[in-house]
Amino acid sequence: MQNIDLLGAAHDVLLNAYAPYSRFRVGCALEGESGTVYTGCNVENASYGLTICAERVAIGSAVAAGEQRFKRLVLVSDASEPVAPCGACREVLREFGPTLVVESHGGSGATVRWTIDQLLPGSFKLPGSEHRS
Ligand code: THU
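In this report, the structure presented in the accompanying data block is examined.

What counts, and at which threshold
- Residues numbered from 1 in each chain as written.
- Predicted model: local features only at pLDDT ≥ 70, side-chain atom pairs only at ≥ 80, totals over all residues.
- Heavy atoms only, no water.
- Helix = DSSP H or I, 4+ residues; strand = E, 2+ residues; numbered from the N terminus.
- Rg over C-alpha atoms; globule rule 2.2 N^0.38 Å.
- Buried < 20%, exposed > 50% of the residue type's maximum accessible area, 1.4 Å probe, protein only.
- Contact = heavy atoms within 4.5 Å.
- Areas by Shrake-Rupley, 256 points an atom, 1.4 Å probe, with all protein chains shown as cover.
- Lys, Arg positive; Asp, Glu negative; His and termini not counted.
- Charge placed at Lys NZ, Arg CZ, Asp CG, Glu CD.
- Near = heavy atom within 4 Å.
- Polar contact = N/O pair within 3.5 Å; in protein donor to acceptor, adjacent residues only side chain to side chain.
- Nonpolar A, V, L, I, M, F, W, Y, C, P; charged D, E, K, R; others polar.
- Pairing = 2+ DSSP bridges.
- Axes fitted to C-alpha atoms, helices over the stretch in contact; angles between N-to-C directions.
- Phe/Tyr/Trp six-rings, centres within 6.5 Å; stacked < 30°, edge-to-face > 60°.

## What to know about the overall build of the chain
- Secondary structure summary: the chain contains 4 helices and 5 strands in total.
- Counting from the amino terminus, helix and strand elements in the chain follow one another as α-β-β-α-β-α-β-β-α.
- Here the C-alpha radius of gyration of the chain, 14 Å, is about what a compact globule of 133 residues would show, namely 14 Å.
- With respect to the three principal axes, the spread of C-alpha positions in the chain is 40 × 40 × 30 Å.
- Expressed as a percentage of its 133 residues, the buried residues of the chain come to 41%.
- Across the chain, contacts joining residues at least 24 apart in sequence account for 62% of those joining residues at least 6 apart.
- Put simply, the chain shows about 7,100 Å² of open surface, and 52% of that area lies on carbon and sulfur atoms.
- The positive charge centre, built from 11 side chains, and the negative charge centre, built from 14, are 2 Å apart in the chain.

Okay, structure coming up:
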């Protein structure tokens, strides 16, 4: 499943972003271990703090569809440089994707790749839980 067009899927879903406050659209495509692709865009709210980032929308969609293990997440936005996932999204991605690779593409063509450990070193684990390691 190497040739799945995650970048194309991320660009497509970016067009559905609901971002009337920041005017900054983000799209992402998440590849599950099954090969299924889940997408997400940011969904803002008049109560700004309730905004949901593209990454968390994609994770929620995947989990609701029954998939919890992921290979790769591709992120795109309106910025010319690659955007990095916010802190909240790093925690959520870590919950489900300890081996996930995150790849962010800027409009200029620049690309950055991170492992989850690079994004969130020394992450919180609930003592005694079955949190994935
Ligand atoms: N945003 C994302 O959706 N993902 C990120 O990785 C960074 C930020 C969104 C949240 C908000 O709607 C807008 O970008 C500006 O912060």
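Here the narrative resumes.
## Some details on the site of the ligand
- Every residue lining the ligand is accounted for by Ser22, Phe24, Val26, Asn42, Glu44, Thr51, Cys53, Ala54, Glu55, Ala84, Pro85 and Cys86.
- Note that an oxygen atom of the ligand is positioned 2.5 Å from one of the side-chain N or O atoms of glutamate 44.
- Surface burial for the ligand is 79%, taken as the share of its 370 Å² of free accessible area covered by protein chains.
- Taken together, the residues of the shell around the ligand sort by class into 7 nonpolar, 3 polar and 2 charged.

## Considerations on the sheet that holds strand S4 (residues 101–105)
- Here 5 strands make up an open sheet; going across it, the order is S2-S1-S3-S4-S5 and the pairing mixed. Each end of this open sheet is capped by a strand with a single partner; those strands are strand S2 (37–41) and strand S5 (111–115). Looking at each pair of strands side by side, their axes are set apart by 15° on average, direction ignored.
- Where strand S3 (residues 70–77) meets S4, 5 bridges bridge the pair, whose relative direction is parallel. In the sheet register, valine 76 faces S4, and the bridge partner there is histidine 105.

## Structural notes on the packing of aromatic side chains
- On inspection of all chains with the given rule, the structure shows 1 aromatic pair.
- Arranged with centres 5.5 Å apart and planes meeting at 45°, the rings of tyrosine 21 and tyrosine 48 form a pair that is tilted. In this pair, tyrosine 21 is assigned in the loop between helix H1 (6–14) and strand S1 (26–32) and tyrosine 48 in the loop between S2 and helix H2 (54–64), connecting sequence segments 27 residues apart.

## Section: the environment of alanine 9
- As for its position among the elements, alanine 9 is in helix H1.
- A sequence separation of 44 residues divides alanine 9 from cysteine 53, and the C-alpha atoms of the two residues are 16 Å apart.

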